[in-house]
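Chains, contacts and geometry: an overview
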Amino acid sequence: MDQGKKSPDLVQARAEVVRLRAEIQHHDRLYYQDASPEITDAQYDSLDRRLQDLEALYPELVDADSPTAAVGADTDSRFSNAPHSRPMLSLANSYELAEVEAFDARLRKDLGARLEREALSYTVEPKMDGVALAVRYTDGKLVMGLTRGDGKNGDVITNNAATFREIPSVLAADWADKFPTAGVSSFEVRGEAYLSLSRFQTLNVERETEGLEQLANPRNATAGTLKTLDSEEVRRRQLSVFFYQLFPLQAGAGVEPEAAHEFPDHITEMAAIEALGLPTNSFLREAVDAAELETHLVELEGLRTSLDYQIDGAVIKVNSRDLQNLVGFTAKAPRWGLAFKFAAEEAVTRLREITLQVGRTGVITPVAELEPVALAGSTVSRATLHNWDEMERKDIRIGDQVVVVKGGDIIPKVLRVLVEQRTGDEVQVPQPAECPVCGEPTSRAEDEVALRCLNPLCPAVLAGRLRHFASRNACDIEGLGGRSIDLFLETKMVQGPGDLFRLKQDVVAALPGWGDKSADRLMQSLAQAKARPWAAKVFALGIPQVGVSTALTLARNFKNMAALRQATAEGLADLPDIGPIVGETIVAFFASEGGAELVADLNDVKFFRDEEDLPPPEVVVTGDNWFAGKVFVLTGTMESMTRDAARKEIEALGGKVTGSVSKKTDCLVAGAKAGSKLTKAEKLGLEILDEESFIKRLAANQPDGE
Ligand code: IVH
């Protein structure tokens, strides 16, 4: 347990566990789904460790749904899903050499007498700060590219994987000879996709001239690029990859690992990846003890700034596969591996100015304008100061020398002020009494840290709302970037989203920077905006506290705008994921002058339809259904239905299907020729159904009782 914190009693612990889980899930969403984390990896790990400590202290608080038992998810509904051949896990993190020593000591203890027969050695390689990618080849041909997803199922991005120069579509004819045994027909390589720093800079220079928004950092750009539907754009970005895992897959089924053909150790595995013509990182060192490990870690950290890609640490692995298998895995990570994270890079620079930014909800955020400084592979000239409480707590003033950090891929942040370097000329910036954009008085609610401009006609608020309305998850209006919005607002052609649909092609085409072609394109995307899915339209309204998933819930439960406007707070609070506070916020939005006007204006331009494009209904889970709430794994082949059909049947009855067997699995459905999953399920003592009993169970649980 953390030295600084004393042990809480059960009641306090339960409250803290609930809070930590929500907080970690929030950060998981930001990291994996939105690719825009708000905290450093080290901060994340300290939340995670505290939760683990509390769960260890009070086992009654352990829950299968806790983030400590799961790997974060980044699945995206625009791509189809496929199961991973084996779970894509994460690695335990360490920040101090003492933790590396403890890792070595623990392994030596766990392996005990076995080490008399086989010496323990480790490998050290860079921990790429990129995005995990799995690629499968069958008969020498590229057949699938998969993202991490939730670790069990990933997004199928084969077309995008095929755009990498380093991922050949067809391998050299003698590819199968690179495996230790004959007869391999299919295999998977896993690694990390990344954007080189030089390519990242070139892309940003190009984007600057094209008036496009700058890519925030290489990792986010990689995540975004991999999830781009337009493969030609992906090709243009020129992503790179380093692979660090290679394993054969079972012939035929193609998704089960084939243990018999595994490589004997990591170094041989890496050599085989290279022999196949696939890229590996050239830094791979072997160490026989903690002292040697440390030498290599120090060497790699020294190289860090000379590399053309970002690394955030080193990965230490037990070299021998047999020893790896002996120590095994936890639910989240292998016990044979450890990530050693380098310290977040820091830089010192002068804070030139504090500017104020007004967002679409009217929140005013102070922003530090910095003397540009090189930090973790990019130049930093701005950093958010969050709010006035935070600024006062850190006593940040104009003219200060400040320490800025960027942990991994975080938006730069002012860590602290070098108070000892003050000259006396530094200037404090008080909370403004007026909105810096419209001049109306600002206001701050008693229990909030946010300072707001409450003027619904404030140009900054209008611009923010229009940007939100046009954004990808909302109306996805191509060609309506920040600059065009500012121009439309300045010329008073547009005051709110409804006005966008009143724009005339010829008027837009005549504006500075516009022409016939771009105006046509805008008209086209505006027409398409009206046909967006109903959930996207709900999200586009920008109702406070209604994100993409709440918008989906609303769209599922109200068939059109007429119905949604009549929702009551009580009715809303009964819906999944919507509590009384959000329910009231939604009702208040439609009752407010601004909300009512927005809806009326959008009705006027026929944005809403009586029959909207409804989302698929959520599965209704009935309490007495044997399948409801259970987690299934399907394996082997069934005669009477495909696995996909079986999955749909299970899901229709409220069950869940995952890709790999674990303690969380309730039942394994084993068709003919089931392999390792069956063995594992037996070992864990799980319920196992053969095809016949599965079909009988399905029939017995149909809603009409047939
Ligand atoms: S090996 C079972 N090697 O870091 C996990 N991972 O935090 C084995 N990563 O999921 C992964 N560089 O996405 C491995 N040289 C490297 C890596 C690496 C980056 C990523 C990978 C992994 C994550 C774990």
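Residues numbered from 1 in each chain as written. Predicted model: local features only at pLDDT ≥ 70, side-chain atom pairs only at ≥ 80, totals over all residues. Heavy atoms only, no water.

Overview of the overall build of the protein
Secondary structure assignment for the protein yields 25 helices and 22 strands. Along the first, second and third principal axes, the C-alpha atoms of the protein reach 75 × 75 × 60 Å. A total of 706 residues make up the protein; the buried ones form 49% of that total. Element-wise, carbon and sulfur atoms account for 51% of the exposed surface of the protein, whose accessible area totals about 34,200 Å². (Helix = DSSP H or I, 4+ residues; strand = E, 2+ residues; numbered from the N terminus. Buried < 20%, exposed > 50% of the residue type's maximum accessible area, 1.4 Å probe, protein only. Areas by Shrake-Rupley, 256 points an atom, 1.4 Å probe, with all protein chains shown as cover.)

Some words on the sheet that holds strand β10 (residues 311-318)
Spatially, the five strands line up as an open sheet ordered β2-β11-β10-β3-β9, and their pairing is mixed. One side of each edge strand has no neighbouring strand; the edge strands of this open sheet are β2 (93-94) and β9 (285-287). By the bridge criterion, two bridges tie β2 to strand β11 (residues 337-341) in an arrangement that is parallel. The residue of β11 that forms the bridge with S94 is F340. Its contacts with the sheet place helix α3 (residues 97-111) against β2, β3 (122-128), β10 and β11, and it is angled at close to 170° to β11. Against the sheet, helix α9 (residues 290-303) contacts β3, β9, β10 and β11, and its axis sits at roughly 150° relative to β9. (Pairing = 2+ DSSP bridges. Contact = heavy atoms within 4.5 Å. Axes fitted to C-alpha atoms, helices over the stretch in contact; angles between N-to-C directions.)

With respect to the pattern of salt bridges
Overall, the coordinates contain 36 salt bridges when judged by the stated rule. Between E371 and R350 there is a salt bridge, with the nearest N and O atoms lying 3.6 Å from each other. Of this pair, E371 sits in strand β13 (residues 363-375) while R350 sits in strand β12 (residues 345-358), placing them 21 residues apart in sequence. Of the residues examined, E371 reaches a relative accessible area of 32% and is grouped as partly exposed. (Salt bridge = Lys/Arg side-chain N within 4 Å of Asp/Glu carboxyl O.)

Focus: empty space enclosed by the protein
Applying the stated criterion to the full structure yields four cavities of 30 Å³ or more. The calculated volume of the largest cavity comes to roughly 50 Å³. Around the largest cavity, the lining residues are R360, R465, H468, F469, P497, A540, L541, G542 and L598. In terms of residue count, helix α12 (residues 459-470) provides more of the lining of the largest cavity than any other element does, three residues in total. Partitioned by chemical class, the residues of the lining of the largest cavity number five nonpolar, two polar and two charged. The space that makes up the second largest cavity amounts to roughly 40 Å³. Lining of the second largest cavity is provided by E125, P126, M128, F242, F243, Y244, M270 and N281. Partitioned by chemical class, the residues of the lining of the second largest cavity number six nonpolar, one polar and one charged. (1 Å grid on protein atoms, 1.4 Å probe; cavity = no way out; pocket = protein on both sides within 12 Å on 5 of 7 lines; lining within 4 Å. Points joined across faces, edges and corners; volume = space filled by probe spheres on them. Nonpolar A, V, L, I, M, F, W, Y, C, P; charged D, E, K, R; others polar.)

So, the environment of G655
Structurally, G655 is set in the loop between α23 (643-652) and β20 (656-658). With 17 residues separating them along the chain, G655 and M638 place their C-alpha atoms 19 Å apart. Setting aside chain neighbours within four positions, we find G655 in contact with F627, A628, G629, K630, F632 and I650.

Focus: the side chain of R304
Looking at the secondary structure, you find R304 in the loop between α9 and β10. On the basis of relative accessible area, R304 is assigned to the buried category, the value being 15%. In contact with R304, not counting residues within four places along its chain, are I311, D312, F342, A343 and E345.

Some thoughts on helix α6 (residues 218-226)
One full turn of an α-helix is made of 3.6 residues, so residues set three or four places apart face in the same direction. For α6, the buried fraction is high: eight of the nine residues fall into the buried class. If you check which residues of α6 are buried, you get P218, R219, N220, A221, T222, A223, T225 and L226.

Observations regarding the nonpolar core
Ranked by internal contacts, the top residues of the largest apolar core, which has 53 residues, are I477, L500 and L554. Excluding anything up to four places from it in sequence, L554 contacts V538, V546, L564, L572, L575, I578 and I586. (Core = buried A, V, L, I, M, F, W, Y, C linked by side-chain atoms within 4.5 Å.)

Quick notes on the site of the ligand
Around the ligand, 14 residues are found, and the nearest of them are K127, M128, R148, E192 and Y244. Separating a nitrogen atom of the ligand from a side-chain N or O atom of E125 is a distance of 3.1 Å. For the ligand, the accessible surface in isolation is 510 Å², of which the surrounding protein chains cover 91%. Residue assignment for the shell around the ligand shows that the elements contributing at least two residues are β3 and β10. Considering each element in turn, the shell around the ligand owes the most residues, four residues, to β3. Tallied by class, residues from the shell around the ligand come to eight nonpolar, one polar and five charged. (Near = heavy atom within 4 Å. Polar contact = N/O pair within 3.5 Å; in protein donor to acceptor, adjacent residues only side chain to side chain.)

Points about the confidence of the model for the protein
When pLDDT drops low, the exact placement of atoms in the prediction is not to be read closely. For the protein, the average pLDDT comes to 87, and 92% of its residues sit at 70 or higher. At the low end of the mean pLDDT range in the protein sits helix α2 (residues 41-57), at 76; at the high end sits β3, at 98. (pLDDT = per-residue confidence, 0-100.)

A short note on the sheet that holds β20
Pairing is parallel in the open sheet, where four strands are placed in the order β20-β19-β21-β22. Since the sheet does not close on itself, it has two edges, and those belong to β20 and β22 (687-690), each with one partner. Each strand axis lies, on average, 30° off the axis of its neighbour in the sheet, ignoring direction. Across four bridges, strand β19 (residues 631-635) lies against strand β21 (residues 667-670) in parallel orientation. Within the sheet, the bridge partner assigned to F632 lies in β21 and is C667. The sheet contacts of helix α24 (residues 676-684) involve β19, β21 and β22, and relative to β21 the element is tilted by about 145°. In the packing of helix α25 (residues 691-700) onto the sheet, the strands contacted are β21 and β22, and the crossing angle to β22 comes to about 95°.

Notes on unusual backbone geometry
Trans is the common state for peptide bonds, and a negative phi is the common state for residues other than glycine. Positive phi outside glycine occurs at Q238, with the angle close to 60°. Inspection of the secondary structure assignment puts Q238 in the loop between α7 (231-237) and β8 (240-249). In this structure Q238 comes out as partly exposed when scored by relative accessible area, which is 33%. We note that D395 has phi near 50°; this positive angle belongs to a residue other than glycine. Topologically, D395 is positioned in the loop between α11 (388-394) and β15 (401-406). Note on D395: relative accessible area 24%, which makes it partly exposed.

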